[in-house]
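Architecture and fold: a report
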Amino acid sequence: MSLSFSRESRLRTSADFKQVFDITDIKVSSKQLLILAKVNKLGRARLGLVVAKKNIRTAVGRNRAKRHIRETFRLQQDGVGGLDIVVLVRKSFSDLSDRDLNLLLNQQWQRLKRRLHEREASAEARPDKHPT
RNA sequence: CGAGUUGGCCGGGCAGUCGCUGUUUACCCCUUGUUAGUCAAUGGUAGUGUAAAUGGAGGAAAGUCCGGGCUCCAGAGGGUAGGGCGCCAGGUAACGCCUGGGGGGCGCAAGCCUACGGAAAGUGCAGCAGAGAGCAGACCGCCUAAGCGAGUAUGGCAACAUACUACGCCGGUAAGGGUGAAAGGGUGCGGUAAGAGCGCACCGCAUGGCUGGUAACAGUCCAUGGCACGGUAAACCCCGCCUGGAGCAAGACCAAAUAGGAAUCCUGCAGGUGUGACCCGCACUGGAUUCGGGUAGGUUGCUUGAGGUGCCUGGUGACAGGUAUCCCAGAUGAAUGACUGCCCAGGCCUGCCUUGGCAGGCUGGACAGAACCCGGCUUACAGGCCGGCUCGCGAA
RNA sequence: UGGGGUGUCGCCAAGCGGUAAGGCAUCAGGUUUUGAUCCUGACAUGCGGGGGUUCGAAUCCCUCCACCCCAG
């Protein structure tokens, strides 16, 4: 059980980002943000953030968004496993208070995990159903 | 106490849990040397890992409006163009900034505002209105003295003379009206046909002197001049001073690569490239086009600096000098955070009670995030703290 | 982060000190049996906001704001 969030658990090059955008395995969306994810072979989750200046005007606001997303990811990353995740922040994100923000984010991470489990389950089930 | 004005400062605090990141130390791992085990050393980027200690956004970090440092282009050198600044003196690395002073404007005052050189070097501009708008002008009005004429009266035989006029012509005038953003000193008296700096007095203005002041400038001083000199230079311009260009994605280093090759054309004491306005100068060098081939990033610059703080000295002050002491962010898909509790300001509600205070509950902290570094300016900003001064009221 | 540019009617735009052109769109009328075309007229507004210079500013100066482009 790790609560750390080091450089290894971040997406660091534009190539990494491009892969997630091109092949999106899981997609979780809400009014305030959009999460895209792709299965990787590293055995650990990696997070990348996209916060447009157009959506959140001030640098302080953008930093706030990134920090909250990182923090909640840090605390929730255990069940995620090998996924490359990109979080896109939408305009209404900055309307939320700190409390509501964390609530929303935790909810979204739970949804992501659920989708992942469903996907794995169906992937395991499929070869049994069609042995030939 | 109220109203105002001005200078400076802070811009939440403490504790706990879990994270991010820089530095240092230790250990792990690797490398090298050595040994029976081991030990030692330097280097750690081949990826770094673990632990501890310690540091980690701002007054504006913002806008990018100025000025520097730094780096490259040649130690940026000569000239032209272009750009900037503009009362005086000082401060400063420098500035378009700051300080002190002067002039002008506003305010009862404290104080505030001020792009504030030159319009007698030249060129230009001013629509509409108006008579006239740049070596001024005459629409209404006022006048008709002189000159010419008309009429009337008187005198005279007559020519004519004299006097008069709600008269005409030739004219005079810039007081008044009117136009305009702006119409070429003001008030009074004299003067005149009516008027006018036409003359005079006072005020204003200009020039020269004298006095004070480093200077801008000032003066209840003296002399001269009847006034000649309208506005606009954030219009061109003139004068004085300043000014090369680009920017850390600058630049440097390492690795790879630009290789090697084919074809065509042009040129040879000139041309090309670079120096990002142009000429000179300087440096480097054959050049251009097409075909095919190839590409990968990392390190550094990177934080010790016109540095902060305390004290002393000089100065009205900006600031300077001396001395002691401190090291205070360096990220790079981009750190400096999240959660919880308590406290401290603030706001709202309820209860007790004489203004006011006490108790409880709820709420709740602005503007905003370093990206090479400094000095300013500008803009944004909840709330709070400390001081100076002015005016009004009251008390002593 | 650095560098550069643009804001004029609903849209595209000219003007760069003296009443802010023009086109498209909109509305009304005419022509037509009706519609398109064509003709005539009009609306509403505007010079991104705030100061300053000037008698007078879209234009000159200062200062904010918004948008766009370039360099990884």
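The text that follows walks through the structure, step by step, so that each part is easy to find.

Conventions and cut-offs
- Residues numbered from 1 in each chain as written.
- Chains lettered and ligands numbered in written order.
- Predicted model: local features only at pLDDT ≥ 70, side-chain atom pairs only at ≥ 80, totals over all residues.
- Heavy atoms only, no water.
- Helix = DSSP H or I, 4+ residues; strand = E, 2+ residues; numbered from the N terminus.
- Rg over C-alpha atoms; globule rule 2.2 N^0.38 Å.
- Contact = heavy atoms within 4.5 Å.
- Areas by Shrake-Rupley, 256 points an atom, 1.4 Å probe, with all protein chains shown as cover.
- Lys, Arg positive; Asp, Glu negative; His and termini not counted.
- Charge placed at Lys NZ, Arg CZ, Asp CG, Glu CD.
- Near = heavy atom within 4 Å.
- Polar contact = N/O pair within 3.5 Å; in protein donor to acceptor, adjacent residues only side chain to side chain.
- Nonpolar A, V, L, I, M, F, W, Y, C, P; charged D, E, K, R; others polar.
- Expected span 1.5 Å × (residues − 1).
- Buried < 20%, exposed > 50% of the residue type's maximum accessible area, 1.4 Å probe, protein only.
- Arc of directions from axis to C-beta.
- Salt bridge = Lys/Arg side-chain N within 4 Å of Asp/Glu carboxyl O.
- Pairing = 2+ DSSP bridges.
- Axes fitted to C-alpha atoms, helices over the stretch in contact; angles between N-to-C directions.

Secondary structure assignment for chain A yields three helices and four strands. When the helices and strands of chain A are listed from N to C terminus, the series reads α-β-β-β-α-β-α. Rg of the C-alpha trace for chain A: 16 Å, near the compact-globule value of 14 Å for 132 residues, within the 12% margin. Referenced to the eigenvectors of the C-alpha coordinate spread, the extents of chain A come out at roughly 60 × 30 × 30 Å. Sequence separation of 24 or more characterises 80% of the internal contacts of chain A that already satisfy a separation of 6 or more. Accessible area of chain A: about 8300 Å², with a carbon and sulfur share of 49%. A distance of 8 Å separates the average location of the 29 positive side-chain charges in chain A from that of its 14 negative side-chain charges.

Another point: the protein's contact with RNA strand B. Taken together, 23 residues form the shell around RNA strand B, and within it Arg 7, Leu 11, Ser 14, Arg 67 and Arg 74 come nearest. Of everything in RNA strand B that lies within 4 Å of the protein, sugar and phosphate atoms constitute 68%. One nitrogen or oxygen atom from the main chain of Val 60 is found 3.5 Å from a phosphate oxygen belonging to RNA strand B. Counting only elements with at least two residues in the surface near RNA strand B, the list comes to helix 1 (14–22), strand 3 (46–50), helix 2 (59–76) and helix 3 (98–129). Broken down by element, the surface near RNA strand B gets its largest block of residues, eight residues, from helix 2. Residue composition of the surface near RNA strand B, by class: eight nonpolar, six polar and nine charged.

Looking now at the side chain of Lys 113. Structurally, Lys 113 is set in helix 3. At a separation of 3.0 Å, a polar atom in the side chain of Lys 113 contacts the side chain of Gln 76.

Our focus in this paragraph is helix 2. In this model, helix 2 (18 residues) spans 26 Å end to end at C-alpha, consistent with the 26 Å of a helix rising 1.5 Å per residue. Where helix 2 is concerned, the buried positions are Gly 61, Arg 62, Ala 65, His 68, Ile 69, Thr 72, Phe 73 and Gln 76. Looking straight down helix 2, one finds that the buried residues subtend no more than 135° of arc, so they occupy a single side. Away from its buried face by more than 90 degrees, helix 2 exposes Val 60 and Arg 67.

Attention now moves to the side chain of His 68. Topologically, His 68 is positioned in helix 2. When neighbours within four sequence positions are excluded, His 68 is seen to be in contact with Asp 98, Leu 101, Asn 102 and Leu 105.

Scanning the model with the defined rule gives four salt bridges in all. Where Asp 84 meets Arg 46, a salt bridge forms, and the shortest distance between an N and an O atom there is 3.1 Å. Here Arg 46 lies in strand 3 and Asp 84 lies in strand 4 (residues 83–89), a separation of 38 residues in the sequence. The same class applies to Asp 84 and to Arg 46, which are both buried. In this structure, Glu 71 and Arg 74 form a salt bridge, with 2.6 Å as the shortest nitrogen-oxygen distance. Pair noted here: Glu 71 and Arg 74 are both in helix 2, with a separation of three residues, about one helical turn. On the accessibility criterion, Glu 71 (37% relative accessible area) is partly exposed.

Read from one edge of the open sheet, four strands run 1-2-4-3, paired in mixed fashion. Each edge of the open sheet is held by one strand with a lone partner, namely strand 1 (26–29) and strand 3. Mean inter-strand twist for the sheet, computed between neighbouring axes without regard to direction, equals 15°. Across seven bridges, strand 2 (residues 33–39) lies against strand 4 in antiparallel orientation. Looking across to strand 4, one finds that Leu 36 is bridged to Val 86.

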